[in-house]
Amino acid sequence: MGDYFQTIVDLDAGEAEAAELAERAVAWLVGEGIVLADRKVCVLGQPLGHPPGPHWSRAVADDDPDGEPSDGLAVHTGPTVFYSGQDEPEAVTCPRCRVTTDLSDEEEGAWPRFSEAITDWQDTAHADVTCPACAREVPLSEWLWTDDRLAVGRLGLEFWNWPELSDGFRARLAAVLDGHRTAYLWGKL
Ligand SMILES: [Zn+2]
């Protein structure tokens with residue numbers, strides 16, 4: 001079996017607004033009955049999370065056969081690099097020139113640059129990577145990851161051992177987050 005998680009990352013949350021957006025998102029989830037307000041031990045990687053609420057099924061696909069969620073919601077705020085737990089990302093696209101850089105090509109050697117920037121981002125919440133194609137300095141948080149293996153942001157909602165979250169739920173949650181761009185990562189430990 002193992003434990004699996006689904007993380008919805010707000011890609012646009014700024015430094016000053018991440019905590020407020022997290023509160024708003026949790027308040028909405030509690031209001032919908034998707035999770036409970038009182039936290040307890042029900043997630044991995046954090047001491048406490050929000051357990052599933054009476055209407056948890058509002059977050060998942062109608063015909064989902066996976067059964068009930070067995071754990072809760074962990075809320076991450078602050079500069080975080082979220083991984084799916086799969087391999088390293090294979091490619092990333094520059095938001096300025098739209099050229100996609102292959103990260104799996106070791107001769108090209110682009111991955112170490114991003115890897116270094118990821119470390120810097122976690123430490124300082126700021127890192128630029130020079131685009132190999134157009135040579136512009138682009139903030140790490142603006143690069144477009146072409147697979148769902150990595151996301152950089154200041155707010156992540158991580159559901160542990162829930163059935164698959166529905167597209168509709170993710171869209172409603174994004175609307176609560178001021179219509180911000182979101183990433184959806186799925187992983188397994
Ligand atoms: Zn570029």
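Residues numbered from 1 in each chain as written. Predicted model: local features only at pLDDT ≥ 70, side-chain atom pairs only at ≥ 80, totals over all residues. Heavy atoms only, no water.

A.B. asks: Looking at this structure, I do not really get the nonpolar core. What am I missing?
C.D. replies: Within soluble globular proteins, side chains that are nonpolar tend to cluster in buried spots. Counting 26 residues, the largest nonpolar core has Phe159, Trp162, Leu165 and Phe169 as the members making the most contacts within it. Taken together, the elements giving at least two residues each to this core come down to α1 (18-32), β2 (73-83), β8 (150-160) and α3 (167-176). Counting residues per element, this core draws most heavily on α1, at 7 residues. (Core = buried A, V, L, I, M, F, W, Y, C linked by side-chain atoms within 4.5 Å. Buried < 20%, exposed > 50% of the residue type's maximum accessible area, 1.4 Å probe, protein only. Helix = DSSP H or I, 4+ residues; strand = E, 2+ residues; numbered from the N terminus.)

A.B. asks: How do you make sense of the domain arrangement of the chain when you look at a structure like this?
C.D. replies: It is common to give the size of an interface as the accessible area that goes away when the parts come together. As assigned here, the chain comprises domain 1 (14-76 + 154-188) and domain 2 (87-145). Taken over C-alpha atoms, the centre of domain 1 sits 28 Å from the centre of domain 2. (Domains from an automatic or database assignment.)

A.B. asks: Please explain the pairing of β8 as it appears in this structure.
C.D. replies: Taken residue by residue, a regular strand's side chains alternate between the two faces of the sheet. In terms of residue burial, β8 counts as a mostly covered element, since 11 of its 11 residues are buried. Taken together, the 6 bridges between strand β1 (residues 4-10) and β8 define a ladder with antiparallel strand orientation. By the bridge assignment, Ile8 is partnered in β8 with Leu157. Sheet topology note: the β2/β8 ladder contains 9 bridges and is antiparallel. Its bridge partner lying in β8, His76 is registered against Gly156. (Pairing = 2+ DSSP bridges.)

A.B. asks: What should I look at first to understand the sheet that holds strand β7 (residues 144-145) in this one?
C.D. replies: The strand order across the open sheet formed by 3 strands is β4-β3-β7, and the pairing between neighbours is antiparallel. The open sheet is flanked by β4 (100-102) and β7, the only strands paired with a single partner. Bridge count between strand β3 (residues 91-93) and β7: 2 bridges; the pairing is antiparallel. Across the sheet, Val92 pairs through a bridge with Trp145, a residue of β7.

A.B. asks: Got a minute to help me understand the pattern of salt bridges in this structure?
C.D. replies: A pair can form between side chains of opposite charge whenever their charged atoms are brought close. For the structure on display, the rule yields 7 salt bridges. A salt bridge links Arg181 to Asp12, with the nearest nitrogen and oxygen atoms 2.7 Å apart. Placement of Arg181 in the loop between α3 and β9 (182-188) and of Asp12 in the loop between β1 and α1 is noted, with a sequence separation of 169 residues between them. Taking relative accessible area as the criterion, Arg181 reaches 39% and is therefore assigned partly exposed. Note that Glu142 is salt-bridged to Arg96, the shortest N-O span being 2.8 Å. Of this pair, Glu142 sits in the loop between β6 (137-139) and β7 while Arg96 sits in the loop between β3 and β4, placing them 46 residues apart in sequence. Take Glu142: its relative accessible area is 31%, and that puts it in the partly exposed class. A relative accessible area of 37% means that Arg96 is categorised as partly exposed. Among the ionic contacts, a cluster of salt bridges with common partners joins Glu20, Arg24 and Asp178. (Salt bridge = Lys/Arg side-chain N within 4 Å of Asp/Glu carboxyl O.)

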